[in-house]
Amino acid sequence: MKKALAVAFLCAIFAGFVAAQTIELDLDGTPGNGPDVVPAAVSDYINVDVYINGTGMLFSANFTICNLDGSLEFQGYAYNTPWTNTPPVVTPPCVLIQATDFTFGSPLAMPFLHGTATYHAAVDASLDDLTIDLANSGWFNDQFLSGAFSDFVGGSVQIGSSATEQTNWGAVKDLFR
Ligand SMILES: [Ca+2]
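Given the structure is predicted, the values throughout are model-derived calculations rather than measurements. (Residues numbered from 1 in each chain as written. Predicted model: local features only at pLDDT ≥ 70, side-chain atom pairs only at ≥ 80, totals over all residues.)

**Student:** What exactly am I supposed to notice about the overall build of the protein here?
**Tutor:** Counting its regular elements, the protein contains two helices and 14 strands. The burial tally for the protein puts 29% of its 177 residues in the buried class. Partitioning the contacts of the protein with sequence separation of at least 6, the portion at a separation of at least 24 is 77%. (Helix = DSSP H or I, 4+ residues; strand = E, 2+ residues; numbered from the N terminus. Buried ≥ 20, exposed ≤ 12 C-beta atoms within 10 Å, placed from the backbone. Contact = placed C-beta atoms within 7 Å.)

**Student:** Is there a simple way to explain the nonpolar core in this structure?
**Tutor:** Side chains that are nonpolar tend, in soluble globular proteins, to be buried together. Ranked by internal contacts, the top residues of the largest apolar core, which has 33 residues, are Ile23, Ile46, Val48, Phe63, Ile65, Ala121 and Val157. Ignoring any residue separated from it by four or fewer positions in sequence, one finds Ala121 in contact with Ala40, Val42, Ser43, Asp44, Ile46, Ser71, Leu72, Val157 and Ile159. (Core = buried A, V, L, I, M, F, W, Y, C linked by C-beta atoms within 7 Å.)

**Student:** Just checking my understanding: could you explain unusual backbone geometry for this structure?
**Tutor:** For residues besides glycine, phi is generally negative; the peptide bonds are generally trans as well. In this model, Pro92 is joined to Pro93 through a cis peptide bond whose omega is 10°. Omega for the peptide link from Met110 to Pro111 comes to 0°, which places this bond in the cis form. Its place among the elements puts Pro111 in the loop between strand E8 (108-109) and strand E9 (112-121). We note that Ser43 has phi near 85°; this positive angle belongs to a residue other than glycine.

**Student:** Got a minute to help me understand the sheet that holds E9 in this structure?
**Tutor:** Spatially, five strands are ordered E5-E9-E3-E1-E13 in an open sheet, and the strand pairing comes out mixed. Strand pairing shows two members of the sheet lacking a second neighbour, strand E5 (72-79) and strand E13 (151-153), which therefore form its edges. Averaged over all pairs of adjacent strands, the angle between strand axes in this sheet comes to 20°, irrespective of strand direction. Relative to E13, strand E1 (residues 22-26) runs parallel, the two sharing three bridges. Its bridge partner lying in E13, Glu24 is registered against Val153. (Pairing = 2+ DSSP bridges. Axes fitted to C-alpha atoms, helices over the stretch in contact; angles between N-to-C directions.)

**Student:** For this particular structure, what's the right way to read the environment of Cys66?
**Tutor:** Mapping Cys66 onto the fold places it in strand E4 (residues 57-66). Given 18 C-beta atoms within a 10 Å radius, Cys66 is considered partly exposed. On a C-alpha basis, the gap between Cys66 and Pro93 in space is 5.6 Å, while along the polypeptide they are 27 residues apart.

Take a look at the structure:
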(Lines give C-alpha, C1' and ligand atoms only; values in the text may rest on other atoms or scores of the structure.)
Protein backbone atom coordinates (compact mmCIF):
# COMPACT_ATOMS: atom_id res chain seq x y z
CA MET A 1 0.00 0.00 0.00
CA LYS A 2 2.79 2.38 0.94
CA LYS A 3 4.57 1.56 -2.28
CA ALA A 4 1.43 2.27 -4.30
CA LEU A 5 1.01 5.59 -2.55
CA ALA A 6 4.64 6.47 -3.16
CA VAL A 7 4.26 5.67 -6.86
CA ALA A 8 1.06 7.73 -7.03
CA PHE A 9 2.82 10.60 -5.30
CA LEU A 10 5.76 10.45 -7.70
CA CYS A 11 3.39 10.29 -10.65
CA ALA A 12 1.59 13.37 -9.33
CA ILE A 13 4.89 15.24 -9.06
CA PHE A 14 5.87 14.11 -12.54
CA ALA A 15 2.50 15.08 -14.01
CA GLY A 16 2.80 18.46 -12.33
CA PHE A 17 6.24 18.94 -13.80
CA VAL A 18 5.35 18.05 -17.36
CA ALA A 19 2.07 19.96 -17.25
CA ALA A 20 3.73 23.23 -16.35
CA GLN A 21 4.58 24.41 -19.84
CA THR A 22 2.59 27.47 -20.93
CA ILE A 23 2.61 29.99 -23.77
CA GLU A 24 2.46 33.76 -23.37
CA LEU A 25 1.61 36.25 -26.10
CA ASP A 26 3.32 39.51 -25.14
CA LEU A 27 2.04 42.59 -26.97
CA ASP A 28 3.47 45.40 -24.80
CA GLY A 29 7.13 44.42 -24.55
CA THR A 30 6.86 43.33 -20.92
CA PRO A 31 6.52 39.57 -20.45
CA GLY A 32 4.71 38.41 -17.34
CA ASN A 33 2.16 41.22 -17.03
CA GLY A 34 -0.52 39.87 -19.37
CA PRO A 35 -3.05 39.45 -20.68
CA ASP A 36 -2.03 42.57 -22.61
CA VAL A 37 -4.47 45.00 -24.21
CA VAL A 38 -2.73 47.36 -26.64
CA PRO A 39 -4.09 50.13 -28.91
CA ALA A 40 -3.50 50.26 -32.65
CA ALA A 41 -4.54 52.55 -35.44
CA VAL A 42 -6.06 51.03 -38.55
CA SER A 43 -3.26 49.83 -40.84
CA ASP A 44 -0.77 49.60 -37.96
CA TYR A 45 1.47 46.58 -37.63
CA ILE A 46 1.50 44.81 -34.25
CA ASN A 47 4.35 42.65 -33.01
CA VAL A 48 3.49 39.72 -30.76
CA ASP A 49 6.38 38.13 -28.86
CA VAL A 50 5.74 34.47 -28.07
CA TYR A 51 7.30 33.23 -24.83
CA ILE A 52 7.45 29.59 -23.78
CA ASN A 53 7.26 29.44 -19.98
CA GLY A 54 7.79 26.58 -17.56
CA THR A 55 10.58 24.48 -16.09
CA GLY A 56 13.04 22.22 -17.83
CA MET A 57 14.40 22.34 -21.38
CA LEU A 58 12.76 21.85 -24.74
CA PHE A 59 13.84 20.55 -28.13
CA SER A 60 10.61 21.65 -29.77
CA ALA A 61 7.65 23.96 -29.28
CA ASN A 62 4.83 24.09 -31.78
CA PHE A 63 1.64 26.10 -31.35
CA THR A 64 -1.37 27.54 -33.10
CA ILE A 65 -2.20 31.24 -32.70
CA CYS A 66 -5.79 32.21 -33.50
CA ASN A 67 -7.54 35.52 -34.11
CA LEU A 68 -11.16 34.43 -34.04
CA ASP A 69 -12.39 38.02 -34.48
CA GLY A 70 -10.65 38.13 -37.83
CA SER A 71 -9.56 41.77 -37.89
CA LEU A 72 -5.85 41.05 -37.56
CA GLU A 73 -4.09 39.82 -40.68
CA PHE A 74 -1.11 37.53 -40.07
CA GLN A 75 1.98 38.89 -41.84
CA GLY A 76 4.80 36.61 -40.77
CA TYR A 77 6.82 35.09 -37.98
CA ALA A 78 10.46 35.81 -37.06
CA TYR A 79 11.92 32.80 -35.26
CA ASN A 80 14.16 33.53 -32.28
CA THR A 81 15.23 29.92 -31.72
CA PRO A 82 18.24 28.40 -33.55
CA TRP A 83 16.07 25.38 -34.33
CA THR A 84 14.89 24.17 -37.71
CA ASN A 85 11.61 25.86 -38.52
CA THR A 86 8.99 25.36 -41.14
CA PRO A 87 7.07 28.18 -42.81
CA PRO A 88 3.98 29.15 -40.82
CA VAL A 89 0.91 27.22 -41.91
CA VAL A 90 -1.86 29.80 -42.29
CA THR A 91 -5.39 28.48 -41.98
CA PRO A 92 -7.53 31.53 -41.18
CA PRO A 93 -8.29 32.49 -38.49
CA CYS A 94 -5.30 30.53 -37.16
CA VAL A 95 -1.63 30.01 -37.95
CA LEU A 96 0.54 27.03 -36.98
CA ILE A 97 4.11 27.86 -35.92
CA GLN A 98 6.65 25.01 -35.75
CA ALA A 99 10.32 24.79 -34.74
CA THR A 100 12.36 21.77 -33.63
CA ASP A 101 15.98 21.05 -32.73
CA PHE A 102 16.42 17.94 -34.88
CA THR A 103 20.08 17.63 -33.77
CA PHE A 104 18.80 17.11 -30.20
CA GLY A 105 21.92 18.93 -29.10
CA SER A 106 20.74 22.37 -28.07
CA PRO A 107 17.69 22.26 -25.81
CA LEU A 108 16.44 25.65 -24.70
CA ALA A 109 15.83 26.36 -21.01
CA MET A 110 12.45 27.84 -20.24
CA PRO A 111 11.40 30.57 -20.21
CA PHE A 112 12.56 31.61 -23.68
CA LEU A 113 11.44 33.83 -26.52
CA HIS A 114 10.29 31.54 -29.33
CA GLY A 115 9.78 34.30 -31.89
CA THR A 116 7.73 37.29 -32.95
CA ALA A 117 4.54 37.25 -34.97
CA THR A 118 3.49 40.33 -36.92
CA TYR A 119 -0.14 41.23 -37.55
CA HIS A 120 -1.74 43.99 -39.61
CA ALA A 121 -4.67 45.81 -38.03
CA ALA A 122 -7.22 45.80 -40.81
CA VAL A 123 -10.57 46.90 -39.38
CA ASP A 124 -11.54 49.99 -37.38
CA ALA A 125 -13.16 49.97 -33.95
CA SER A 126 -12.58 46.36 -33.11
CA LEU A 127 -11.27 44.66 -29.99
CA ASP A 128 -9.47 41.61 -31.31
CA ASP A 129 -8.27 38.75 -29.17
CA LEU A 130 -5.24 36.61 -29.92
CA THR A 131 -5.44 33.16 -28.36
CA ILE A 132 -3.63 29.82 -28.47
CA ASP A 133 -5.42 26.69 -29.70
CA LEU A 134 -4.11 24.35 -27.00
CA ALA A 135 -5.51 21.29 -28.80
CA ASN A 136 -3.14 22.01 -31.69
CA SER A 137 -0.05 22.96 -29.71
CA GLY A 138 2.65 20.89 -28.04
CA TRP A 139 6.22 20.54 -26.84
CA PHE A 140 9.05 17.97 -26.83
CA ASN A 141 11.61 18.11 -24.04
CA ASP A 142 15.20 17.02 -23.43
CA GLN A 143 13.91 13.93 -21.59
CA PHE A 144 12.34 12.89 -24.92
CA LEU A 145 8.87 13.38 -23.54
CA SER A 146 6.14 15.24 -25.37
CA GLY A 147 2.92 16.81 -24.23
CA ALA A 148 0.39 19.57 -24.56
CA PHE A 149 0.75 23.04 -23.16
CA SER A 150 -1.37 23.35 -20.02
CA ASP A 151 -2.42 26.97 -20.47
CA PHE A 152 -1.70 30.25 -22.23
CA VAL A 153 -1.83 33.99 -21.71
CA GLY A 154 -3.38 35.67 -24.71
CA GLY A 155 -3.62 39.31 -25.67
CA SER A 156 -5.96 41.84 -27.27
CA VAL A 157 -5.60 44.66 -29.75
CA GLN A 158 -8.00 47.63 -29.57
CA ILE A 159 -8.00 48.79 -33.18
CA GLY A 160 -8.82 52.46 -33.68
CA SER A 161 -8.85 53.23 -29.97
CA SER A 162 -8.02 56.67 -28.61
CA ALA A 163 -5.63 57.27 -25.72
CA THR A 164 -8.63 57.71 -23.40
CA GLU A 165 -10.14 54.43 -24.51
CA GLN A 166 -6.83 52.74 -23.98
CA THR A 167 -6.69 54.09 -20.42
CA ASN A 168 -10.15 52.70 -19.83
CA TRP A 169 -9.17 49.32 -21.25
CA GLY A 170 -6.17 49.36 -18.96
CA ALA A 171 -8.48 49.92 -16.00
CA VAL A 172 -10.72 47.06 -17.10
CA LYS A 173 -7.69 44.85 -17.53
CA ASP A 174 -6.53 45.67 -13.99
CA LEU A 175 -9.87 44.44 -12.64
CA PHE A 176 -9.10 40.94 -13.87
CA ARG A 177 -5.55 40.69 -12.58
CA1 LIG B 1 3.01 41.84 -21.60
